[in-house]
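Listed below, chain by chain, are the residues.
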Amino acid sequence: MRSALDVEERLGTNWLNKLGIMILVLGIAFFLAYQLQTLGPAGKVLVGYVASAALLGSGIYFERSDRYRILARAGIGGGWALLFFTTYAMYHVPAAHILSSQVIDLLLMLLVAGAMVAHTLRYNSQVVTGLSFLLAFATVFVSRVSVYSLTAGVVLALGMVFIALRRRWFELEIFGILASYINHWFWLRPIIEPMGSKHRPFPEFVPSAAILIAYWVLYRISHVLRRAENQRQENFSTIAALLNTVLLLAVLKYQSVRPELAFWTLLAIGSIELLVGQLPITRRRRAAFVVLTSIGAALLVAAIPFRYSGADVSILWVMEAEALFLAGAWLGELVFVRLGTLAGVAAAGHMIAVDAAMVLGRRFDGADLSPAPRLGLLVFLIAAAVFYANSHVITRRSQVLGKHWFDRLLMSRLSHVAGIIAFVGLWIALPQYWTVVAWSALGLLLAIIGKRFTIPELRIQANLLGAAAVIRVLAINLGASARLRHVSLRLITIAAVALLLYATSRFTGIREKLILLRISDAYTWTASALIALLLWYELQPISVALGWCLLGLVLFEVGLNRRVPALRWQAYVAFLAAFSRIFVVNFNAELIPGDLSPRVYTVIPLAFVFFYAYARLRQDINVLVPRERSWHVVDISCWLGTLTVAALMRFELNLDWIVAGWAILVLALLAIGWRSGLRVFLHQGLLLACAVAFRGVFHNFYTRTYFPAAGWNGRMLCVGTAVALLFASLAFAFPLRQLKTHTEVQGRFRRLLAVVVNRPDQVLFFLPLLLLTVLLGLEMRSGMITTAWGLEAVAVFFIALWAGERSFRLSALGLLLLCVGKIVAVDVWGLNPRDRYLTFIVLGSALLLVSFLYTRHRETIRRYL
Amino acid sequence: MKHWLTFILVFAIAAGALVFAQRRRPKASVSPEPLLYLVGDTQRELSRLPVAATRLSDEEEISIGKRIMKRTGFVEVSDKSPADVIAVSNYVNDVGRKLAANAHRKLPYSFHYIPERYFANAFALPGGPVYIGAGLMATMDSEDQLAAVLAHEIEHIDRGHAAERAQLEARMRHLGPLRAAVLLPVAIFQAGYSKQQELEADSEGVRIAVQASYSPEGAVRLLEAFARYDRETEPRKAQTPQQELAGVMRGAMQEYFASHPPSAQRAMKIHELMAAEGWSPRAERDLRVAYIFWHGRATELAAMGKYDQARQLEQRALQVKPDYVDALRGLAEAEFASADFTAAAATYGKLLDKVTPNQDSDVHHYAQALAAADRRSAARAFRSRLRGRPTSPLAGAELSGLELLAGNPQPAQQSELAAARDPNTDPQLTATLGRWHYLAGDYERAQQLLATAAQQRPADAEINADSAWAAVELRRYADAITTFGNNSGQNLAARMGLAVARWQSRQPDAALQDFVAAVQSDSRWDNARWVAALYSPTVAKSITEMKAERERRLQDEERQRRLARGALSR
């Protein structure tokens, strides 16, 4: 409620009277400017003066009373304004023209203005004086006729400056600056607007410009001469200083008919501002110095594009910026340094938004992909070097820079700006496929310097440049089909990038910020991925696996020698990729009769590499990190080698001979296992023996044709060979029993596996025995099956005696009993007479022989039991 | 030191292999085939024992096959089928029975021909039925090729593939053997089998074909033809890793669902088998029913306007089967269409000699061909050819027409008089007389007769169109345009009639539109001799003019385009 009353009271007692007096004065001014037949100019002037006197008189009278003081002061202001206008109108307004000399009128106006100032100052009220000035400006505004009528404005401005300085009414001066320039702009409008967009010279151009310059000089002198007592006054002074220049330039631009003068105007005003800023009288006030220096520098920068274009603007701006920066650094003046930095950033913005954008526009649709070394190397790279020097060299040597957090932040950002400029500059200078090489090289350089001088900004930039190079490689260079002296540009550029990334990996890593992030490893991973991708693109499909394997081999060796786990992991991935790829490409290779199979010569080297990796890992087992151990990389390498050979046999050999091929591999693996004492070979041998049995039963034994197999592909030969080889591997299986583990294993399946692995002789005896028995059952004539099995049992018994294995002996006995059962159940009823007696004789002999052997070797057998 | 030497050795071996491979450039497609083959082969090996242990009995398999056979939806060939179909069916049966005699399992094998040209497949059902489509047979040129296909399908049955498929599908759908016979779709047997089964069927099929005295080359040539087609339709070789990966993904899907292995691989396997078995090359036998498929192909070519190729194929068919009436008719039509009227008249003559009684349409075309070849001697030749044969009244009308062309109007007048007196006269006879008057240039009379026939048979598009042609000659363009317009859907010539009528009535833009459409749908309009033989000089002249005008406009358009391109480039 209280506040509502306050507002109401303020409105009623303060604002309403000011509005009222303004409207009244304007009304009388319109009256004086209006042509009347009944009242001549003299009459109007008289009316004007009478009205002015009435307002002044009543104002002075009532001002004494406290109650009416506010209203009375409004009346005094209005009276003086009307008096000033009437004096002005005596010469300048045709309807009130009674004076023939402009000089006399001007003197009168000065007299009135002086009296007005002198009188209003008595009240020591900025509002009253300001109101009187406002009204005076308003009257000049409503009745302006020619350019010279604006001289009244100059006179008013002069008066106002005088008062502002005397009374330190700097708010009043802001109002004066606004009024002066806006009044002038309103005067210009009827002249400029009809011209549309094409301005033409007009007669009042020079006087108008002179009046504007006069305003600017007047207010600038005021700014320089004043003494601010507090921060508030300094703030208003700063606003006034900025407004003065901004409005001057705005109105000059509005009336501009010769754009070519803009450069010189800005240069002149900027230089003056800068110089004035350096005057001792100005430097007494820090704020004034900063403001005028900033304005001067800004105008000098702004002047350049009005005369120059393109890269010249960038060069000149960078020069200006550097001049300011160096001056600041030398003089120890932070204002210059900051202004120089800002100008530099503006120059960088221009370089990217204009120069680089133009190049981008040309390159965007592939219309012009030619390099621009002048712009890229001379302009952008030199600018980047200058900014880098400012940020990291000069800052380190300067006494003043780096003390304040803002300056440190500014210099840090300037370094990044330099990085961006260098990044863009290299793209401009070296377009298309070479950009990535340049970026990577710069990244390496920055990483080296960043590490040597501990500059985190450079390390960050190195990482970003590396990332940009990789992205561009993927987007652009991978698709490159151009050649340089018959060598693919894709090969040259991507290989160069990969090598540079490998090199950069040694110098990067931001421990200060990202301790956990293995930036260095990311570099090597990326480089390896790029080389792998490059090989994929450049090589024949069938050679890619070999290429990857070679890459893996080199990475593996380097990783092992230099103790870099990341390189070794990359090698493992390359090995796995190569291994996988043979199943989608190499085994698809077309065979040319009479020619060496491409499958063989592209897959066998892979097995060599895998086995080499296995051997090396075993040799340097202590180098491995825990994760490599927990992932069983050593054994996996060995398995990859064996699986590669087994898979090659699966695809390369005749379908019926695969069992024999695998059986040879079983023999070889067990021999190696026996020689080296390594269990992994035993495991592989056993697994492969199971595969032989599986394939023998499900492939070779299954009737895939109703027609007899031809020659070499006969079941007896293929499976018989496999059986013989498996039996032969028993020679190595027995000694391998010594490798058995005594550790406890959990789980039923694991225990079963442990039993099997600990008794390889059992596996390698029973699997071929099964195959042989079934083979004989399938291949022998029905009449001779029992005979064949009987002979098999005798042979098995001999083996059992040689090996001293009870299980073997029992197998032989079991087989013999099977034969006896078959004779009783089948053969005696179904065989023809010849087969029958032959079967009986052979089986009987076999039983007797076994019985004899049992009797003869009783003691030995008991010893084994 | 030792490990460095080993490293250098291993590196050298791998690098040497790489360089060697790069120089030799062996072909290796990028596809997951080896991997899928490994998986598929192992899966198949694993499933062998369970499938063998639970195999259907022969009786069950035969019963299921018979029931599925009833649901194939294909019409069985019978005595009422066209002669061609019966001939091919019998032939397929003969070859099939010869092959089936060598099959291991003694089942009631039966062979069924599907006479649908777009059915280019063969398939087998459990228990013995084998089907082969006309589309597949049309690609063959020897009996050995047919034997290869049939033997392949026989082996799908003999090796139990079809029964296994039925078993597996029934198990997946939880169906017993009886319900499986009723509910299993035929499509599962048409889709093919696993690659291993297909390769088995190939090799075993070739074996039984060889045992039946067929050449294994038939199978090889057929598969090589398929391989050529595969190459034409196979996707482009990958140029980038991305394309490679996409190809592998696509290949994985295709390979997984693909039934037959690539034809080239199948042909190679058979070559290997031939080498292993030491089979000496043996000449292939002709496909005895090939002429039927040649005629079918010739009919398609004629429909495409390729009359010369059609004539060659028909002649080839007639060399094998001189009495083949369909080929004779096709040859005569092709000869007439290519404006070789003398040859057409001779071929139609042979056709009339072979077919008794003669068909009215053959007689009409014969008369037309004679008239087109020589108007003066046409009547004499016609009379002499048909002397002593039973002929229809229409043949009499054709003879009257030929006499009219030779300058003797009397027979035609008598015929017209007789027709006018008899209210039961066939309107076709009246129309025929009208057409001959049109050819003789008596357009007024032609129009009267054709209009009379059209009144009696208002829905006959041909009579209506012929009436409109006569109206064009009488400059009744509006009537002609209306009539042609109403009948252009049913009568091919009506579109050109519209063009001519519009051209004559000074509507060149619309006329040219119709002209282009008519020429595109029937290339005979481009043959001036054919037009002159069947239509009036006004029509022939109009077509020549329209053709010239179209050429001129096309040249103008081309010139404008060139100018526009020049302006742009400047």
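Residues numbered from 1 in each chain as written. Chains lettered and ligands numbered in written order. Predicted model: local features only at pLDDT ≥ 70, side-chain atom pairs only at ≥ 80, totals over all residues. Heavy atoms only, no water.

With that out of the way, let us pick up the confidence of the model for chain B. As a note on interpretation, predicted positions should not be read in detail where pLDDT is low. Averaged over all residues, the pLDDT of chain B is 86; the fraction at 70 or higher stands at 93%. Across the predicted assembly, pTM comes out at 0.67 and ipTM at 0.74. (pLDDT = per-residue confidence, 0-100.)

Turning our attention to the sheet that holds strand E1 (residues 110-114) of chain B. Residues and elements named next belong to chain B. Strand order across the open sheet formed by 3 strands is E1-E3-E2, with mixed pairing between neighbours. Strands at the two margins of the open sheet, each flanked by one partner only, are E1 and strand E2 (122-124). On average, each strand axis in the sheet is tilted by 15° relative to the strand beside it, whichever way the strands run. Inspection of the sheet shows E1 paired to strand E3 (residues 129-133) by 5 bridges, in the parallel sense. In the sheet register, Tyr 113 faces E3, and the bridge partner there is Ile 132. Against the sheet, helix H6 (residues 143-158) touches E1, E2 and E3, its axis set at about 145° to E3. (Pairing = 2+ DSSP bridges. Helix = DSSP H or I, 4+ residues; strand = E, 2+ residues; numbered from the N terminus. Axes fitted to C-alpha atoms, helices over the stretch in contact; angles between N-to-C directions. Contact = heavy atoms within 4.5 Å.)

Residue and element names in this part refer to chain B. Among the secondary structure elements, Glu 164 is positioned in helix H7 (residues 161-172). Residue Glu 164 is classed as buried on the basis of its relative accessible area of 5%. Here the side chain of Glu 164 touches Gln 197 through a polar contact of 3.1 Å, side chain to side chain. Glu 164 has contacts with Arg 44, Val 51, Arg 55, Arg 159 and Gln 197, leaving out every residue within four places of it along the chain. (Buried < 20%, exposed > 50% of the residue type's maximum accessible area, 1.4 Å probe, protein only. Polar contact = N/O pair within 3.5 Å; in protein donor to acceptor, adjacent residues only side chain to side chain.)

Tracing the chain through its elements places A:Glu204 in the loop between helix H7 (170-192) and helix H8 (205-225). The spatial distance from the C-alpha of A:Glu204 to the C-alpha of A:Leu188 is 9.4 Å, given a sequence separation of 16 residues.

This paragraph deals with the interface of chain B and chain A. Opposite the 52 residues of chain B that make contact, chain A presents 47 residues. Taken together, both faces of the contact between chain B and chain A bury some 4700 Å²; the carbon and sulfur share is 65%. Linking chain B with chain A are 1 salt bridge, by the criterion used here. Here A:Asp595 ties to B:Arg24 by a salt bridge, and the two come within 2.4 Å at their closest N and O atoms. Taken together, the links from chain B to chain A amount to 8 residue pairs in polar contact (both at pLDDT 80 or more). Residue assignment for the side of chain B that touches chain A shows that the elements contributing at least two residues are helix H1 (2-24), helix H2 (33-53), H6, helix H10 (195-211) and helix H12 (241-257) of chain B. Tallying contributions element by element places H1(B) first for the side of chain B that touches chain A, with 15 residues. Along the lines of polarity and charge, the residues of the side of chain B that touches chain A split into 26 nonpolar, 10 polar and 16 charged. (Buried area = accessible area lost by both parts, 1.4 Å probe. Salt bridge = Lys/Arg side-chain N within 4 Å of Asp/Glu carboxyl O. Nonpolar A, V, L, I, M, F, W, Y, C, P; charged D, E, K, R; others polar.)

Let's shift gears to helix H33 (residues 806-830) of chain A. Residue and element names in this part refer to chain A. Between its terminal C-alpha atoms H33 stretches 34 Å, which fits the 36 Å expected from 25 residues at 1.5 Å a residue. Along its length, H33 reaches its greatest deviation from straightness, about 50°, at Ile 823. Among the residues of H33, those classed as buried are Phe 808, Arg 809, Ser 811, Ala 812, Leu 815, Leu 816, Cys 819, Lys 822, Ile 823 and Asp 827. (Expected span 1.5 Å × (residues − 1). Bend = angle between axes of the 7 residues up to and from the residue.)

Let us now look at helix H12 (residues 286-303) of chain A. Given 3.6 residues per helical turn, the α-helix brings residues three or four places apart onto the same face. Residue and element names in this part refer to chain A. Counted at 1.5 Å a residue, the expected span for H12 with its 18 residues is 26 Å, and the 26 Å between its end C-alpha atoms agrees. Along H12, the residues classified as buried are Ala 288, Phe 289, Val 291, Leu 292, Thr 293, Ile 295, Gly 296, Ala 297, Leu 299, Leu 300, Val 301 and Ala 303. Lining the buried residues of H12 we find H8, helix H9 (231-255), helix H10 (261-278), helix H11 (280-283), helix H13 (311-331) and helix H14 (334-364).

With that out of the way, let us pick up unusual backbone geometry. Phi angles above zero are rare outside glycine, and A:His632 is one such case at about 55°. Mapped onto the elements of the fold, A:His632 is located in the loop between helix H24 (626-630) and helix H25 (633-652).

Another point: the nonpolar core. Counting 173 residues, the largest nonpolar core has A:Phe380, A:Phe387, A:Ile421, A:Ile428, A:Phe556, A:Phe575 and A:Leu764 as the members making the most contacts within it. Residue contacts for A:Phe575: discarding those within four places in its chain leaves A:Cys549, A:Gly552, A:Leu553, A:Phe556, A:Val609, A:Phe610, A:Ala613 and A:Leu640. In this structure, B:Val289, B:Ala339, B:Ala470 and B:Val539 belong to the second largest nonpolar core, which totals 118 residues. (Core = buried A, V, L, I, M, F, W, Y, C linked by side-chain atoms within 4.5 Å.)

Before going further, it helps to spend a moment on the packing of aromatic side chains. Residues and elements named next belong to chain A. Summed over all chains, the structure comprises 50 aromatic pairs over all chains. Taking 5.7 Å as the distance between ring centres and 70° as the angle between the ring planes, the aromatic pair formed by Phe 62 and Tyr 68 counts as edge-to-face. Taking the centre distance of 3.7 Å and the plane angle of 15° together, the rings of Phe 765 and Phe 808 count as stacked. Placement of Phe 765 in helix H31 (residues 760-779) and of Phe 808 in helix H33 is noted, with a sequence separation of 43 residues between them. Phe 808 carries the same exposure label as Phe 765, and that label is buried. Members of the aromatic cluster, joined through ring pairs, are Phe 556, Phe 575, Phe 579, Phe 583, Phe 587, Phe 610 and Phe 651. (Phe/Tyr/Trp six-rings, centres within 6.5 Å; stacked < 30°, edge-to-face > 60°.)

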